[in-house]
Amino acid sequence: MAAQRTIWWGSGSAPAWRVLIGLKEKGLEYDSKLIEFSKKEHKSEDILRLNPRGQVPTFLDDGVVVNESLAALLYLQDKYPEPSLLPATIEGRALVYQRFQEAANFHDKVSQVIRFKWTNADEALPQDKLDALQAELELWESYLSEDSFIAGPDFTLADISFGPFLLVFKRFGGTLKDFPKLNKYAEKIEARPSFEDSYPPHWKETPGKDWLDSL
Ligand SMILES: N[C@@H](CCC(=O)N[C@@H](CS)C(=O)NCC(=O)O)C(=O)O
């Protein structure tokens, strides 16, 4: 019998996007529950029963609940090993595990500037927050070589962890003009079918912000 699989997600939620990308990379069918944050649907009974934090992604696979996005990606790789999203060598996997977790730093710096602007729309972004984001971008730029993915020559779990947040950065005006390798990388992942087929629907219909256009 086919697995019963459901994901609750919200348009523009990078953690939820990660799990959608993982499902698509694995070629798995799923029941898609797109929630609206403005209607507080992430606090619905259906979600709270499975995820007391009332967040997306909320993910149910064959009776197993795995809510945290990174945990859900590891679960998918574990339960559905092929096609693999990990390198064959232990050295390769070590780097993927590192970047997979390290993406939290980039997420944090991007979120800090976005949160600041949501609540202080008329104020300029604090220089220290911009500097911290610039330093993050420099690190991630240094991790790439001309045609590589973020943790080596192949697309892996590390790209699913990091990529959606890089595209959030672009959505909020990031240009990557001083980061040519990241810019090329962003275009490459954005065009990948798993990203394209799960692209945040409202991003296709509405313009983003220009808050990060100095970077
Ligand atoms: N650590 C969680 C974060 C999930 C998360 O923060 N989801 C946000 C949307 S991006 C959410 O549902 N926020 C609503 C809330 O916290 O009430 C993960 O990686 O899955």
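Quick caveat: nothing in here was measured; it's all calculated off a predicted structure.

### A word on the site of the ligand
All residues adjacent to the ligand are Ser13, Pro15, Phe37, His42, Lys43, Gly54, Gln55, Val56, Pro57, Asn67, Glu68 and Ser69. Here Glu68 contributes a side-chain N or O atom positioned 2.6 Å from a nitrogen atom of the ligand. Placement of the ligand is best described as lying within the largest pocket. Its residues assigned to classes, the shell around the ligand comprises four nonpolar, six polar and two charged.

### Some details on the UniProt feature "domain: GST C-terminal" (unreviewed entry) in the protein chain
As recorded in UniProt, the feature "domain: GST C-terminal" (unreviewed entry) lies at residues 89-211. The span residues 89-211 is 67% helix and 0% strand, and its two end C-alpha atoms sit 41 Å from each other.

### Describing empty space enclosed by the protein
Evaluated as defined, the whole model comprises one cavity of 30 Å³ or more. Approximately 30 Å³ is the volume found for the largest cavity. Around the largest cavity, the lining residues are Trp9, Gly10, Ser11, Gly12, Ser13, Ala14, Trp17, Leu20, Ser198 and Pro200. Residue assignment for the lining of the largest cavity shows that the elements contributing at least two residues are β1 (5-10) and α1 (14-25). No other element matches α1, which puts three residues into the lining of the largest cavity. Considered class by class, the residues forming the lining of the largest cavity number five nonpolar, five polar and no charged.

### What about helix α6 (residues 157-171)?
Counted at 1.5 Å a residue, the expected span for α6 with its 15 residues is 21 Å, and the 22 Å between its end C-alpha atoms agrees. The largest bend along α6 reaches roughly 30 degrees and is located at Gly163, with the proline Pro164 sitting one to four residues downstream. Within α6, 14 of the 15 residues are buried, leaving the element largely enclosed by the surrounding structure.

### Regarding the pairing of β1
The element β1 is extensively covered by neighbouring structure, given that six of its six residues are classed as buried. Covered by surrounding structure in β1 are Arg5, Ile7 and Trp9 together with Thr6, Trp8 and Gly10, the residues of both alternating faces. As paired elements, β1 and strand β3 (residues 58-61) share four bridges and run antiparallel to each other. Directly across from Thr6, in β3, lies its bridge partner Leu60. Judged from the five bridges that link them, β1 and strand β2 (residues 31-35) form a sheet pairing that is parallel. Counterpart to Thr6 in the pairing with β2 is Asp31. As a crossover connection, the stretch from β1 through α1 into β2 is right-handed.

### Structural notes on the environment of Val113
With respect to the element layout, Val113 can be found in helix α4 (residues 90-119). A relative accessible area of 2% means that Val113 is categorised as buried. Taking C-alpha positions, Val113 is 12 Å from Asp213, a pair spaced 100 residues apart along the chain. Apart from residues lying up to four places away in sequence, Val113 is in contact with Leu125, Lys129, Leu133 and Leu212.

Definitions and cut-offs
- Residues numbered from 1 in each chain as written.
- Predicted model: local features only at pLDDT ≥ 70, side-chain atom pairs only at ≥ 80, totals over all residues.
- Heavy atoms only, no water.
- Near = heavy atom within 4 Å.
- Polar contact = N/O pair within 3.5 Å; in protein donor to acceptor, adjacent residues only side chain to side chain.
- 1 Å grid on protein atoms, 1.4 Å probe; cavity = no way out; pocket = protein on both sides within 12 Å on 5 of 7 lines; lining within 4 Å.
- Sits in = over half its atoms within 2 Å of the grid points.
- Nonpolar A, V, L, I, M, F, W, Y, C, P; charged D, E, K, R; others polar.
- UniProt positions renumbered as here; feature names shortened; annotations may be inferred.
- Helix = DSSP H or I, 4+ residues; strand = E, 2+ residues; numbered from the N terminus.
- Points joined across faces, edges and corners; volume = space filled by probe spheres on them.
- Expected span 1.5 Å × (residues − 1).
- Bend = angle between axes of the 7 residues up to and from the residue.
- Buried < 20%, exposed > 50% of the residue type's maximum accessible area, 1.4 Å probe, protein only.
- Pairing = 2+ DSSP bridges.
- Right-handed = clockwise from strand over helix to strand, strands pointing away.
- Contact = heavy atoms within 4.5 Å.

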